[in-house]
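Descriptive structure summary
Here is how the chains run, residue by residue.
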Amino acid sequence: MPLPAEDHAYFLALQTRTGWGRTLARFVAWSLPPAPTRILDVGTGPALAPALAAQAGHFAVGLDSDAAMLAQRLHPPGVQAVAEALPFPDGAFGLTLAANVLYLLDTPLPALREMARVTAPGGRVAVLNPSERMSVAAATALADERGLSGLARETLLNLAARAEARYRWSAADLGALFARAGLRLRATRLAMGPGLLRWAWGTRSW
Ligand SMILES: C[S@@+](CC[C@H](N)C(=O)[O-])C[C@H]1O[C@@H](n2cnc3c(N)ncnc32)[C@H](O)[C@@H]1O
């Protein structure tokens, strides 16, 4: 079966009509610092994560390279720009996050360095990516176990195929990547079934 085109409607359906929205909500809740702060969501798609952060009392901005993604976003403040050149001053945010984005990039380090730059000292950089346990076989087993069909199944298998072709990060891998970006890994956990995703957050080491 061909994969659906990954346009705005696709990601909006993914964020609002599948379990992905709940996964994103749990990741955002896990990443959030306690006090209200300024939040940047890099590669936001239709901006569910900023909408959730705003509901929790934070000021949140979504950023995406694709203007069409931002056209009908779920949360108003939106910026079109690329992760590798964030149009913000140093230390502008208390939390900079990227969910399901970094592992898709050919070279994730420039984007992660930019995320570190725009994060305030003591602030957090949080990322959600496939873990070392992600594979097409593992994703297929989870989809079967949960009886997933349609969009939910297709997107999980699509994510797994891309992860196999790109990046799947263990805690050690991410710790090393964070260090190269000037970040210290502070917390990481596995999520989704047997741990097919890895959430992580760190702080600036300078
Ligand atoms: C797989 S979607 C993830 C959307 C959302 N974060 C989520 O978890 O539902 C990846 C998003 O990142 C955006 N993107 C890809 N490369 C980017 C880059 N270099 N800079 C900014 N956004 C980028 C895409 O346009 C797309 O909206």
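Throughout what follows, the structure given in this document is the object of discussion. (Residues numbered from 1 in each chain as written. Predicted model: local features only at pLDDT ≥ 70, side-chain atom pairs only at ≥ 80, totals over all residues.)

**Some remarks on the packing of helix H1 (residues 8-17) against helix H2 (residues 19-31)**
Contact geometry of H1 with H2 gives a least axis separation of 4 Å together with a crossing angle of 70 degrees. Taken as axis vectors, H1 and H2 run roughly perpendicular relative to one another. Note on element contacts: H2 touches H1 through Trp-20, Gly-21 and Leu-24, opposite Leu-14, Gln-15 and Thr-16. When its residues are assigned to classes, the contact of H1 with H2 shows three nonpolar, three polar and no charged. (Axes fitted to C-alpha atoms, helices over the stretch in contact; angles between N-to-C directions. Helix = DSSP H or I, 4+ residues; strand = E, 2+ residues; numbered from the N terminus. Parallel < 35°, antiparallel > 145°, perpendicular 65-115°, else oblique. Contact = placed C-beta atoms within 7 Å. Nonpolar A, V, L, I, M, F, W, Y, C, P; charged D, E, K, R; others polar.)

**Considering the environment of Ser-205**
Note that Ser-205 resides in the segment after strand E7 (197-204). Taking C-alpha positions, Ser-205 is 9.0 Å from Gly-122, a pair spaced 83 residues apart along the chain. In contact with Ser-205, other than residues within four places in its own chain, are Gly-182, Leu-183 and Arg-184.

**Focus: the site of the ligand**
Taken together, 18 residues lie near the ligand, and Gly-43, Gly-45, Ser-65, Ala-83 and Asn-100 sit nearest. Classifying every residue of the shell around the ligand by side-chain character gives nine nonpolar, six polar and three charged. (Near = placed C-beta within 6 Å.)

**Describing the nonpolar core**
Val-42, Ala-49, Leu-97, Ala-98, Ala-99 and Met-115 are the most contacted members of the largest nonpolar core, which totals 60 residues. The residues touching Val-42, leaving out its near neighbours within four places in the chain, are Leu-63, Ala-83, Thr-96, Leu-97, Ala-98, Val-101 and Met-115. (Core = buried A, V, L, I, M, F, W, Y, C linked by C-beta atoms within 7 Å. Buried ≥ 20, exposed ≤ 12 C-beta atoms within 10 Å, placed from the backbone.)

**Looking at the packing of helix H6 (residues 136-146) against helix H7 (residues 150-165)**
The interhelical angle for the contact between H6 and H7, taken along N-to-C directions, is 165 degrees, at an axis separation of 8 Å. Comparing their axes, H7 and H6 come out roughly antiparallel. Crossing of H6 against H7: the hand is right-handed. Between H6, through Val-136, Ala-139, Thr-140 and Ala-143, and H7, the contact on the second element is made entirely by Arg-153, Leu-156, Leu-157, Ala-160, Ala-161 and Glu-164. Per-class residue counts for the contact of H6 with H7 are seven nonpolar, one polar and two charged. (Left-handed = near helix turned anticlockwise from the far one by under 90°.)

**Comments concerning unusual backbone geometry**
Phi at Ala-47 is positive, roughly 75 degrees, even though this residue is not glycine. Positionally, Ala-47 belongs in the loop between strand E1 (38-42) and helix H3 (48-55). For Asn-100, which is not glycine, the phi dihedral falls at a positive 65 degrees. You can see Asn-100 is positioned in the loop between strand E4 (93-99) and helix H5 (109-117).

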